[in-house]
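# Structural overview
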Amino acid sequence: NNNKRVAANDPIALMQMGMEYHHKGEEEAAVDHLTKAAELGFVEAHWKLAFFYEKGLGVEEDAKKALYHYEEAAIGGHCDARYAVVSHEMQNNRSERAIKHLIIAANLGHYHSIKVLKMFYSGGRISKDQFASTLRAYQAAVDAMKSPQR
């Protein structure tokens, strides 16, 4: 039973319950559950909370809190969150930091990151060696995801 799991502070159940509240339009309850799941270290909850803060769902719109949750999710290995951080870095003219985030995400097999890095390489923003090593890591990650062991 999901309610028992929520009562036991299961972060996955807390996030699921939060999203159920969100789908019912009960945004404040959704944020409460997602926040608790994030506090318990659940990366996906950070990703979702970032969106809530970015859009002002159940909370006041807050770009700093959104970025905080995107960064926490990125640190936890969430590639889409890392890609969201890239957007923030580019908007704030920190392209070197953005490139580092793109390389990390591409190394984990994030398709959009490798596409952006390809454009950066074509535009001379990253070196041939940087792009080649990232492309190899990207391909290795993609191959690993297709492996029969998964």
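Since we're looking at a predicted model, the values are computed, not measured. Per chain, residue numbering runs from 1 following the sequence as it is written. Confidence filtering applies because this is a predicted model: local features only for residues at pLDDT of at least 70, side-chain atom pairs given and counted only at 80 or more, and all residues used for totals across whole chains, interfaces and linings. To obtain the side-chain values, all non-hydrogen atoms of the structure were used and water was disregarded.

This part is about the side chain of Glu-89. In this description a helix means any DSSP run of H or I spanning at least four residues, a strand means any run of E spanning at least two, and both kinds are numbered starting from the N terminus. Of note, Glu-89 is situated in helix α6 (residues 79-91). A residue is classified by how much of its surface remains accessible, and Glu-89, at 1% relative accessible area, is buried. Side-chain atoms alone can form a polar contact between residues adjacent in sequence; in general such a contact is a pair of N or O atoms within 3.5 Å, and within protein one must be able to donate a hydrogen while the other accepts it. Among the polar contacts listed, one links the side chain of Glu-89 to the side chain of Arg-94, at a separation of 2.5 Å. In what follows, residue pairs with any heavy atoms lying within 4.5 Å of each other are defined as contacts. Apart from residues no more than four positions distant in its own chain, Glu-89 is found in contact with Arg-94, Arg-97, Ala-98 and His-101. Only protein chains enter the accessibility calculation, which uses a 1.4 Å probe. A residue is then buried if its area is under 20% of the maximum for its type, exposed if over 50%, and partly exposed in between.

Only the stretch in contact is used when fitting a helix axis, every axis being a line fitted to C-alpha atoms; angles between N-to-C directions are given from 0 to 180 degrees. One can describe the packing of helix α2 (residues 11-23) onto helix α3 (residues 27-39) by two numbers: an axis separation of 7 Å at closest approach and a directional angle of 165°. Taken together, the axes of α2 and α3 lie roughly antiparallel to each other. Both α2 and α3 take part in a crossing whose hand is left-handed. In this structure, α2 uses Pro-11, Leu-14, Met-15, Met-17, Gly-18, Met-19, Tyr-21 and His-22 to contact α3, whose residues at the interface are Glu-27, Ala-29, Ala-30, His-33, Leu-34, Lys-36 and Ala-37. Residues of the contact of α2 with α3, tallied by class, amount to 10 nonpolar, 3 polar and 2 charged. Each angle gets one of four labels, with under 35 degrees taken as roughly parallel, over 145 as roughly antiparallel, 65 to 115 as roughly perpendicular, and the rest as oblique. Each helix crossing is assigned a hand: it is left-handed if the near helix lies turned anticlockwise from the far helix by less than a right angle, otherwise right-handed if that turn is clockwise. Residues are grouped as follows: Ala, Val, Leu, Ile, Met, Phe, Trp, Tyr, Cys and Pro are nonpolar; Asp, Glu, Lys and Arg are charged; all remaining types, including Gly, are polar.

A separate point is the pattern of salt bridges. When a carboxyl oxygen of Asp or Glu lies within 4 Å of a side-chain nitrogen of Lys or Arg, that pair is called a salt bridge. What the rule picks out here adds up to 4 salt bridges. Here Glu-44 ties to Lys-48 by a salt bridge, and the two come within 3.7 Å at their closest N and O atoms. Of this pair, Glu-44 and Lys-48 both sit in helix α4 (residues 43-55), 4 residues apart, which is roughly one turn of that helix. The shortest N-O distance in the salt bridge between Arg-97 and Glu-89 comes to 2.9 Å. Exposure remark for Arg-97: the relative accessible area of 43% places this residue in the partly exposed category. In the salt-bridge network here, residues are joined through shared partners; they are Glu-89, Arg-94 and Arg-97.

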